[in-house]
Amino acid sequence: MTYLRWLAALAAVVVALVVQVSLFPHLAWHGIVPNLCLLVVVAAALTVEAPFALVLGFVAGLTLDLAPPADHVAGRWALALTIAAFLAARVRQDQKPSAMAVVGTVAAASFVATSLFALSGIVLDDPGSSVGGLLEVVLVAVVWDVLLTPFVLPPLMRLFARLSPQWATT
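Residues numbered from 1 in each chain as written. Predicted model: local features only at pLDDT ≥ 70, side-chain atom pairs only at ≥ 80, totals over all residues. Heavy atoms only, no water.

**Remarks on the overall build of the protein**
To be explicit about the condition: Counting from the N terminus, the helices are the DSSP runs of H or I reaching at least four residues and the strands are the DSSP runs of E reaching at least two. For this measure, only C-alpha atoms enter the radius of gyration; the expected value for a globule follows 2.2 Å times N^0.38, where N is the number of residues. Relative accessibility decides the category of a residue: with a 1.4 Å probe and only protein chains considered, values under 20% of the type maximum give buried, values over 50% give exposed, and everything between is partly exposed.
The helix and strand tally for the protein stands at 6 helices and 0 strands. Along the protein, helices and strands appear, N-terminal first, in the series α-α-α-α-α-α. Here the C-alpha radius of gyration of the protein, 15 Å, is about what a compact globule of 170 residues would show, namely 15 Å. Principal axes of the C-alpha set define a box for the protein whose edges measure 45 × 30 × 30 Å. Across the 170 residues that make up the protein, the buried fraction comes to 46%.

**Brief notes about the environment of Asp 125**
Secondary-structure assignment places Asp 125 in the loop between helix 5 (99-123) and helix 6 (131-163). Asp 125 sits 52 residues away from Val 73 along the chain, and the two C-alpha atoms are 10.0 Å apart.

**Quick look at helix 5**
To be explicit about the condition: What a helix should span is 1.5 Å times the count of its residues minus one.
Helix length check: helix 5, at 25 residues, gives a terminal C-alpha distance of 36 Å against a target of 36 Å (1.5 Å per residue), a fit within 8%. Among the residues making up helix 5, those that are buried are Val 102, Thr 105, Val 106, Ala 109, Ser 110, Ala 113, Thr 114, Ser 115, Phe 117, Ala 118, Ser 120 and Gly 121.

**Some remarks on a nonpolar patch on the surface**
Quick note on the threshold: Residues qualify for a patch when their relative accessible area is over 30% and they have no salt bridge, like charges being joined within 9 Å and the nonpolar side chains of Val, Leu, Ile, Met, Phe, Trp and Tyr within 5 Å. All accessible-area figures derive from a Shrake-Rupley calculation using a 1.4 Å probe, and residue coverage is judged against the displayed protein chains alone. Salt bridge criterion: a side-chain nitrogen from Lys or Arg within 4 Å of a carboxyl oxygen from Asp or Glu.
Where nonpolar side chains cluster on the molecular surface, the patch consists of Leu 79, Ile 83, Phe 86 and Leu 87 and spans about 330 Å² of accessible area. Inspection of the secondary structure puts Ile 83 in helix 4 (residues 76-92). What makes Ile 83 partly exposed here is its relative accessible area of 33%.

**Examining the side chain of Arg 76**
Under the convention used in this document: Pairing of N or O atoms within 3.5 Å defines a polar contact, subject to two protein rules: one partner must be a possible hydrogen donor and the other a possible acceptor, and residues neighboring in sequence count only if both atoms are side-chain atoms.
Inspection of the secondary structure puts Arg 76 in helix 4. Polar contacts involving the side chain of Arg 76 include one to the main-chain carbonyl oxygen of Phe 117, which spans 2.6 Å.

**Focus on the UniProt feature "transmembrane region" (unreviewed entry) in the protein**
Convention followed: UniProt positions are given in the numbering used here, feature names are shortened, and annotations may be inferred rather than shown by experiment.
UniProt marks residues 6-24, 36-61, 73-89, 101-124 and 130-153 with the feature "transmembrane region" (unreviewed entry), using the numbering shown here. Helix makes up 89% of residues 6-24 and strand 0%, whereas the separation of the span's terminal C-alpha atoms amounts to 25 Å. Along residues 73-89 the backbone is 82% helical and 0% strand, and the end-to-end C-alpha distance reaches 27 Å.

**Overview of the environment of Val 18**
Relative to the elements of secondary structure, Val 18 occurs in helix 1 (residues 2-22). Separated by 19 residues in the primary sequence, Val 18 and Cys 37 place their C-alpha atoms 9.8 Å from one another.

**A look at the packing of aromatic side chains**
Within a pair of aromatic rings, the relevant descriptors are the distance that separates the centres and the angle that separates the planes. To keep it simple, the criterion reads: Any Phe, Tyr or Trp ring, taking Trp's six-membered ring, that has another such ring centre within 6.5 Å forms a pair; planes under 30 degrees apart are called stacked, those over 60 apart edge-to-face, and the others tilted. The criterion for a charge sitting over a ring is simple: Lys NZ or Arg CZ within 6 Å of the ring centre, and within 35 degrees of the ring normal.
One pass over the structure, following the stated rule, counts 3 aromatic pairs. Ring geometry for Phe 52 against Phe 160: centres 6.2 Å apart, planes inclined by 70°, an arrangement best described as edge-to-face. Of this pair, Phe 52 sits in helix 3 (residues 50-66) while Phe 160 sits in helix 6, and the two are 108 residues apart along the sequence. Across the pair, exposure class does not vary: Phe 52 and Phe 160 are buried alike. Centroid distance Trp 77 to Phe 117: 4.2 Å. Interplanar angle 10°. Geometry classified as stacked. With Trp 77 in helix 4 and Phe 117 in helix 5, the pair connects residues that are 40 residues apart, well separated along the chain. When its relative accessible area of 15% is taken as the criterion, Phe 117 is described as buried. Members of the aromatic cluster, each reached through a chain of ring pairs, are Trp 6, Phe 52 and Phe 160. Its guanidinium or amino end placed over the ring of Phe 52, Arg 5 lies 4.4 Å from that ring's centre, counting from NZ or CZ. The lysine or arginine in question, Arg 76, covers the ring of Phe 117, its NZ or CZ lying 3.9 Å from the ring centre.

Written as structure tokens, this is what we have:
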């Protein structure tokens with residue numbers, strides 16, 4: 001069952017990544033797109049054990065770092081999604097989260113991950129990062145992720161629950 005869960009999680013990350021870098025740039029607002037990889041990681045963190053979600057966050061972040069058109073230092077999204085997975089896993093508390101808790105968790109994880117990514121760009125002197133655009137990027141990213149939550153998280157949480165019945169909280 002563990003291999004099947006990893007296969008499903010990696011497939012979800014790949015599908016999310018392909019949609020995020022190929023389809024969503026056409027729907028971007030000021031170049032800001034929803035972070036579907038973050039939503040996959042949060043779904044895992046809210047449904048299964050924390051170590052799985054942390055490793056999935058790192059793997060999803062690293063694939064996001066390396067996927068074209070990556071124009072930043074590799075590792076920034078890996079760090080951001082790992083921290084987001086940790087925070088989302090802390091919300092779970094071994095009980096089924098309510099719909100409001102799920103949306104709140106996505107908003108908090110999106111805020112933290114996007115802020116961490118943007119701030120690490122400023123610290124690393126990334127030419128695409130600026131203090132002036134930081135607030136807009138974070139707010140738009142949070143809105144995008146929250147808007148997609150009702151469509152993305154329920155099926156992913158059901159999938160993870162079926163593949164990990166001993167850990168599932170949904």
